[in-house]
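Residues per chain, in single letters:
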Protein chains: 2
Amino acid sequence: MIDATHDPARQSWVTSANGHADFPIQNLPFGIFSPNGGAPRGGVAIGEEILDLGAALALGLFAGAASDAAQAASGPTLNAFFALGAEPRRALRARLVDLLDAAGQEHATVERHAGALLHHAADCRMHLPAAIGDYTDFYAGISHATNVGKLFRPDNPLLPNYKYVPIGYHGRASSIGVSAGSVRRPNGQRKRAEEAEPSFGPSRNLDYELELGVFIGAGNALGEPIPIGAAAGHIAGFCLLNDWSARDIQGWEYQPLGPFLAKNFATTLSPWVVMPEALAPFRIAQPPRPEGDPAPLAYLMDADDQSTGALDLTLDVLIETPAMRAQGLAPHLLSRGSSRDLYWTFAQLVAHHASGGCNLNPGDLLGTGTISGPTPDSFGSLLELTQGGRAPLTLASGEERRFLEDGDTLIIQGRATRDGFASIGFGACRGTILPAPAV
Amino acid sequence: MIDATHDPARQSWVTSANGHADFPIQNLPFGIFSPNGGAPRGGVAIGEEILDLGAALALGLFAGAASDAAQAASGPTLNAFFALGAEPRRALRARLVDLLDAAGQEHATVERHAGALLHHAADCRMHLPAAIGDYTDFYAGISHATNVGKLFRPDNPLLPNYKYVPIGYHGRASSIGVSAGSVRRPNGQRKRAEEAEPSFGPSRNLDYELELGVFIGAGNALGEPIPIGAAAGHIAGFCLLNDWSARDIQGWEYQPLGPFLAKNFATTLSPWVVMPEALAPFRIAQPPRPEGDPAPLAYLMDADDQSTGALDLTLDVLIETPAMRAQGLAPHLLSRGSSRDLYWTFAQLVAHHASGGCNLNPGDLLGTGTISGPTPDSFGSLLELTQGGRAPLTLASGEERRFLEDGDTLIIQGRATRDGFASIGFGACRGTILPAPAV
């Protein structure tokens with residue numbers, strides 16, 4: 001629902017927020033941060049600053065449901081806040097807009113406490129937004145599934161279940177980290193087609209995958225499915241997600257039970273959780289299915305498609321190599337994708353996940369799967385961009401890349417823009433590759 | 001290492017432990033229990049009783065490392081105890097043997113406090129032993145992998161990677177429960193070969209899988225593999241595990257990323273964690289690989305095989321139908337398997353899991369995968385016992401079963417026996433099937 005919190009004319013007394021491409025007053029994403037030397041705590045990004053929710057509570061700036069929500073969001077994880085569901089979250093958002101509005105009734109009072117309330121984001125360390133109990137990665141990018149399928153089955157790239165089942169698998173929660181950490185190249189078993197036996201050593205085909213992450217808000221009890229019409233209400237927010245993938249390890253290990261060590265060495269998230277309310281202007285109806293595609297089965301079919309539909313987000317992937325850093329070159333744009341290219345909506349992913357009775361808990365994370373568009377400039381992985389490594393890319397620095405090399409930094413950025421609305425961004429999801437441990 | 005704690009002549013003043021097939025004084029498994037109306041807490045099974053570790057601490061019965069370990073094991077989960085690693089665990093075991101020994105120096109003093117120390121197990125409720133952060137299920141039963149492979153690929157049942165890679169995948173931690181809970185039959189997408197489209201409804205092919213569970217003790221940091229020689233030291237203990245599986249949902253959903261909703265509706269564990277020290281007499285060297293099989297790669301090859309080797313456990317699967325209960329018939333033995341039929345050792349599973357840098361945390365759970373032997377009387381699932389449902393079993397009650405029906409109770413029991421040693425058991429892992437929710 002688009003409401004007064006989306007008014008593009010609204011300005012904040014935190015002046016760095018005005019015109020900010022990611023964090024204007026219309027966004028207000030939540031995260032966990034440490035000020036220099038301080039303990040991890042909940043905060044809200046506003047321009048180049050972070051509002052400390054605990055400090056605002058201490059100043060008595062909240063009442064009622066907004067106070068309950070701020071209390072739940074002020075600790076070292078956002079799980080308790082996510083668990084509250086949508087209504088307290090909306091109450092807190094409305095109150096935060098009031099407090100930060102340059103034309104707000106309490107502006108003078110609040111700004112007087114700016115020193116206690118605000119921290120320069122550049123001086124803070126970000127943490128994972130939640131203690132992630134379980135992580136599930138889907139495969140909802142149909143162009144990605146088609147592109148990858150073509151590498152193995154040129155004549156029949158999509159498997160027969162794809163347009164019926166939101167394909168997904170369980171990922172590893174323990175190795176999820178936050179931007180801008182480093183990622184150690186994994187060792188593992190690799191076997192080239194011409195080799196008789198596998199060998200153990202550093203992955204030669206280290207890749208990224210461009211995804212969106214979805215945090216679960218209120219959960220469901222074991223054995224009690226979530227109806228499709230209620231599924232969007234179980235989503236607490238969104239982030240960017242890099243599903244680092246060792247393609248050579250994956251190719252050798254993945255049959256018959258799916259990816260394991262090829263993925264579980266690291267997953268990186270952007271630190272700010274953008275709330276569904278902030279993205280309301282960028283909701284779109286679920287894109288119509290191509291002629292001839294089956295209709296979703298009833299448990300995945302939502303009559304009120306507009307409320308649970310898709311999002312229109314632009315997603316950029318950039319690479320910065322050590323040579324680029326040395327030469328002072330800007331990161332090289334690898335691709336620009338869109339969340340419109342997901343075959344399943346977020347609500348469908350949630351409803352499917354719980355359809356057999358699996359219990360989702362507050363702070364659980366869903367990944368969408370790699371988001372690729374139909375053309376190479378929108379392919380969300382090097383596997384696709386370089387055709388499995390056969391067609392190296394030439395970067396702006398003149399270097400070539402088949403896959404990621406040690407020292408490379410991979411950057412995902414996401415932003416929603418629409419005429420008549422402030423742009424809403426996610427900030428960056430960055431990671432830099434470290435060499436593998438000695439074998 | 002076999003030591004004085006394994007002396008089969010040792011008797012306990014808790015007389016129900018003497019000759020007990022599962023919980024003699026030589027076992028002393030750890031678990032989390034609630035006495036009638038009490039809060040969950042750590043305890044140790046001894047015969048038909050449970051020793052309350054917090055009560056023993058309050059009586060001042062521990063000192064030094066044993067006290068630290070008892071403290072860590074006395075809370076509502078065993079994670080902190082598991083995190084301590086092997087040495088404090090051994091110290092606590094040695095002290096518990098002293099305290100419970102009928103010939104112990106402190107016998108008279110300790111037995112005087114029996115009312116405070118002991119609870120009748122039959123009056124207690126058991127809980128999950130640990131907060132399980134991540135759950136991984138392996139596929140180490142080579143006969144199972146062969147049997148299942150034959151259903152799909154009669155001429156080439158084992159995939160080329162099987163004898164090199166300990167195949168595994170990530171499971172769902174949130175839906176793991178403890179014996180003797182009920183399990184709701186899942187709804188899901190199912191598609192028979194002759195059907196043009198899938199339909200959504202109750203699984204028609206609900207199955208169990210006989211497995212062992214392995215709890216991780218001390219963990220490893222992200223990016224820091226666990227060498228094979230150290231891997232056994234990261235195991236805190238063992239339990240029985242039923243990996244409930246909806247075969248029809250699995251068959252339709254599992255390509256290309258592996259099982260998902262077919263497995264994540266429930267996993268059931270036996271409540272007692274049997275320590276590696278209790279199983280020392282039942283360690284066997286890793287069974288020699290069949291002629292022609294490749295040697296494990298170096299990162300999975302342990303020169304000191306005896307210390308990290310396999311276990312010789314007998315594993316029974318029984319079914320009790322509503323008709324059996326009504327007629328007063330004993331449960332029907334479906335199969336008797338052995339942990340000797342695992343192709344990979346527990347240490348190899350741990351070392352492989354961490355070999356790419358994935359971090360394991362205390363309380364994480366590994367499943368071995370279904371344990372089947374070479375002959376039908378040792379097949380660990382109905383999928384194998386009924387050849388995918390084509391050859392129904394006739395039970396002692398005269399009933400037939402292709403797969404599990406509503407009201408059926410599935411029971412897994414595990415026990416180690418060896419001449420000259422007390423038998424060590426796991427207790428039962430039970431679960432009863434409830435009907436699926438209405439669609």
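Everything quoted here is computed from the prediction, not taken from an experiment.

Undergrad: Pulling in residues and values, what's your account of the overall build of chain A?
TA: A count of helical and extended segments in chain A gives 13 helices and 25 strands. The C-alpha atoms of chain A give 22 Å as radius of gyration, which agrees with the globular expectation for 439 residues (22 Å, within 12%). Counting only C-alpha atoms and orienting by the principal axes, one finds that chain A spans roughly 75 × 55 × 40 Å. The buried share of chain A, reckoned over its 439 residues, is 63%. Intrachain contacts of chain A at a sequence separation of at least 6 include 73% that bridge at least 24 residues. Of the roughly 15,400 Å² of accessible surface on chain A, a fraction of 53% belongs to carbon and sulfur atoms. Where the 31 positive side-chain charges of chain A centre and where its 45 negative ones centre are 4 Å apart.

Undergrad: Quick one: what's the story with the pattern of salt bridges, residue by residue and with numbers?
TA: Applying the stated criterion to the full structure yields 46 salt bridges over all chains. As a salt-bridge pair, arginine 336 of chain A and aspartate 316 of chain A come within 2.7 Å of each other at their nearest N and O atoms. In this pair, arginine 336 of chain A sits in strand β20 (residues 332–338) while aspartate 316 of chain A sits in strand β19 (residues 314–320), placing the two residues 20 residues apart along the sequence. The residue arginine 247 of chain B makes a salt bridge to aspartate 207 of chain B at a minimum N-O spacing of 2.9 Å. With arginine 247 of chain B in helix α9 (residues 247–253) and aspartate 207 of chain B in strand β12 (residues 206–207), the pair connects residues that are 40 residues apart, well separated along the chain. What makes aspartate 207 of chain B buried here is its relative accessible area of 0%. Salt bridges here are not isolated pairs; linked through shared partners, they connect Asp207, Glu209, Asp243, Arg247 and Lys263 of chain A.

Undergrad: Just give me the short version of unusual backbone geometry, but keep the residues and values in it.
TA: With omega at 10°, the peptide bond leading from serine 179 of chain B into alanine 180 of chain B counts as cis. Structurally, alanine 180 of chain B is set in the loop between β8 (176–178) and β9 (182–184). Geometrically, the link from glutamine 255 of chain B to proline 256 of chain B is a cis peptide bond, its omega value of 5° lying close to zero. In this fold, proline 256 of chain B is placed in the loop between α9 and β16 (267–269). For glutamine 387 of chain A, which is not a glycine, the phi torsion comes out positive at approximately 50°. Here glutamine 387 of chain A is to be found in the loop between α13 (382–385) and β22 (393–394).

Undergrad: With reference to specific residues and values, describe the packing of aromatic side chains.
TA: One pass over the structure, following the stated rule, counts 24 aromatic pairs over all chains. Measuring from centroid to centroid gives 4.9 Å for phenylalanine 238 of chain A and phenylalanine 346 of chain A, while their planes differ by 65°, and the two rings are edge-to-face. Taken together, the residues phenylalanine 238 of chain A in strand β14 (residues 235–242) and phenylalanine 346 of chain A in helix α12 (residues 346–354) connect sequence positions 108 residues apart. Take phenylalanine 238 of chain A and phenylalanine 346 of chain A: they sit in the same class, and that class is buried. Geometrically, the ring pair formed by tryptophan 252 of chain A and tyrosine 164 of chain B is tilted, given 5.9 Å between the ring centres and 55° between the ring planes.

Undergrad: Describe the interface of chain A and chain B, with residues and values.
TA: By a widespread convention, an interface's size corresponds to the accessible area lost as its parts come together. Listed as interface residues are 57 residues of chain A and, on the opposing side, 57 residues of chain B. When the two sides are added together, the surface that chain A and chain B hide from each other amounts to roughly 5,100 Å², 61% of it contributed by carbon and sulfur. Broken down residue by residue, the surface that chain A buries against chain B is led by His170, Leu257 and Phe260 of chain A, which jointly contribute 16%. Across the contact surface, chain A and chain B share four salt bridges. For arginine 172 of chain A, the salt bridge goes to aspartate 134 of chain B, with nearest N and O atoms at 3.5 Å. Linking chain A to chain B there are 26 residue pairs in polar contact (both at pLDDT 80 or more). Among the elements that line the side of chain A that touches chain B, the one with the most residues is strand β7 (residues 168–171) of chain A, at four residues. Broken down by class, the residue content of the side of chain A that touches chain B amounts to 30 nonpolar, 21 polar and six charged.

Undergrad: I'd like a rundown of the domain arrangement of chain A, residues and numbers included.
TA: Residue and element names in this part refer to chain A. Split by domain assignment, chain A resolves into domain 1 (4–127) and domain 2 (135–434). With 26 residues of domain 1 at the contact, the number on the domain 2 side is 29 residues. Summed over both partners, the interface of domain 1 with domain 2 comes to about 2,200 Å²; 64% of that surface belongs to carbon and sulfur atoms. Together, His6, Phe82 and Arg89 form the three largest contributors to the area buried by domain 1 at its contact with domain 2, with a combined 29%. Taken together, the connections running from domain 1 to domain 2 amount to three salt bridges.

Undergrad: Before we move on, could you go through the environment of glutamate 211 of chain B and cite the residues and values that matter?
TA: All names here are of chain B. With respect to the helices and strands, glutamate 211 occurs in strand β13 (residues 210–216). Taking the relative accessible area as the measure of exposure, glutamate 211 reaches 0% and is therefore buried. The spatial distance from the C-alpha of glutamate 211 to the C-alpha of glycine 369 is 5.6 Å, given a sequence separation of 158 residues. In contact with glutamate 211, other than residues within four places in its own chain, are Asp137, Cys239, Leu240, Leu241, Asp243, Gly367, Thr368, Gly369, Thr370 and Ile371.

Undergrad: Quick rundown of the sheet that holds strand β25 (residues 424–434) of chain B? Include the residues and the values.
TA: Residue and element names in this part refer to chain B. Here we have five strands laid out as an open sheet, ordered β9-β25-β24-β19-β20, and mixed in their pairing. Two strands in the sheet have a free side with no partner beyond their single neighbour: β9 and β20 (332–338). Across the sheet, the mean angle from the axis of one strand to that of its neighbour is 20°, orientation sign disregarded. Pairing analysis gives seven bridges linking strand β24 (residues 409–416) to β25, with the strands arranged antiparallel. Paired with arginine 415 across the bridge in β25 is glycine 425.

Undergrad: A description of the relation of the copies chain A and chain B should follow, citing residues and the corresponding values.
TA: Rotating chain A by 180° about the axis while translating it 0.0 Å along that axis superimposes it on chain B, leaving an RMSD of 0.0 Å. In the structure described here, the two chain copies are related by an operation that fits a two-fold rotation axis. Relative to the rotation axis, the C-alpha of glycine 258 of chain A is the closest in chain A, positioned 2.3 Å from it. With an isologous cut-off of 70% or more, the 100% of interface residues of chain A that recur at the interface of chain B puts this contact in the isologous class.

Undergrad: Just give me the short version of helix α2 (residues 64–73) of chain B, but keep the residues and values in it.
TA: Buried residues of α2 of chain B: Ala66, Ser67, Ala69, Ala70, Ala72 and Ala73 of chain B, and no others. Buried residues in α2 of chain B make contact with β1 (30–34), β2 (41–46), α1 (53–58), α3 (79–83) and α4 (86–100) of chain B.

Undergrad: Now, about α4 of chain B: what can you tell me, with residues and values included?
TA: Look at α4 of chain B: 21 Å from first C-alpha to last across 15 residues, which is about the 21 Å you get at 1.5 Å a residue. Taken as a whole, α4 of chain B has its buried residues at Ala86, Pro88, Arg89, Leu92, Arg93, Arg95, Leu96, Val97, Leu99 and Leu100 of chain B.

Undergrad: Residues and numbers for the environment of tyrosine 139 of chain A, please.
TA: Residue placement: tyrosine 139 of chain A occurs in the loop between β6 (135–138) and α7 (142–152). Judged by relative accessible area, which is 13%, tyrosine 139 of chain A ranks as buried. Considering only alpha carbons, one finds tyrosine 139 of chain A and alanine 116 of chain A, 23 residues apart in sequence, at a separation of 44 Å. In contact with tyrosine 139 of chain A, not counting residues within four places along its chain, are His144, Ala145, Val148, Tyr162, Ile167, Thr368 and Gly369 of chain A together with Pro256 and Leu257 of chain B.

Undergrad: Any chance you could break down the nonpolar core for me, citing the residues and the numbers?
TA: Within the largest apolar cluster, 153 residues are counted, with the highest numbers of intra-cluster contacts made by Leu279 of chain A together with Leu279 of chain B. When neighbours within four sequence positions are excluded, leucine 279 of chain B is seen to be in contact with Phe238, Val274, Leu311, Leu313, Ala416, Ile424 and Phe426 of chain B.

Undergrad: An account of the packing of α2 of chain B against α4 of chain B is needed here, citing residue identities and associated values.
TA: Residue and element names in this part refer to chain B. Where α2 meets α4, the axes come as close as 8 Å, and the angle between the chain directions of the two elements is 100°. Classified by the angle between their axes, α2 and α4 sit roughly perpendicular to one another. For the pair α2 and α4, the contacting residues are Ala65, Ala66, Ala69 and Ala70 in the first and Pro88, Ala91, Leu92 and Arg95 in the second. A per-class count over the contact of α2 with α4 returns seven nonpolar, no polar and one charged.

What counts as what
Residues numbered from 1 in each chain as written. Chains lettered and ligands numbered in written order. Predicted model: local features only at pLDDT ≥ 70, side-chain atom pairs only at ≥ 80, totals over all residues. Heavy atoms only, no water. Helix = DSSP H or I, 4+ residues; strand = E, 2+ residues; numbered from the N terminus. Rg over C-alpha atoms; globule rule 2.2 N^0.38 Å. Buried < 20%, exposed > 50% of the residue type's maximum accessible area, 1.4 Å probe, protein only. Contact = heavy atoms within 4.5 Å. Areas by Shrake-Rupley, 256 points an atom, 1.4 Å probe, with all protein chains shown as cover. Lys, Arg positive; Asp, Glu negative; His and termini not counted. Charge placed at Lys NZ, Arg CZ, Asp CG, Glu CD. Salt bridge = Lys/Arg side-chain N within 4 Å of Asp/Glu carboxyl O. Phe/Tyr/Trp six-rings, centres within 6.5 Å; stacked < 30°, edge-to-face > 60°. Buried area = accessible area lost by both parts, 1.4 Å probe. Polar contact = N/O pair within 3.5 Å; in protein donor to acceptor, adjacent residues only side chain to side chain. Nonpolar A, V, L, I, M, F, W, Y, C, P; charged D, E, K, R; others polar. Domains from an automatic or database assignment. Pairing = 2+ DSSP bridges. Axes fitted to C-alpha atoms, helices over the stretch in contact; angles between N-to-C directions. Least-squares fit on C-alpha atoms with pLDDT ≥ 70 in both. Expected span 1.5 Å × (residues − 1). Core = buried A, V, L, I, M, F, W, Y, C linked by side-chain atoms within 4.5 Å. Parallel < 35°, antiparallel > 145°, perpendicular 65-115°, else oblique.

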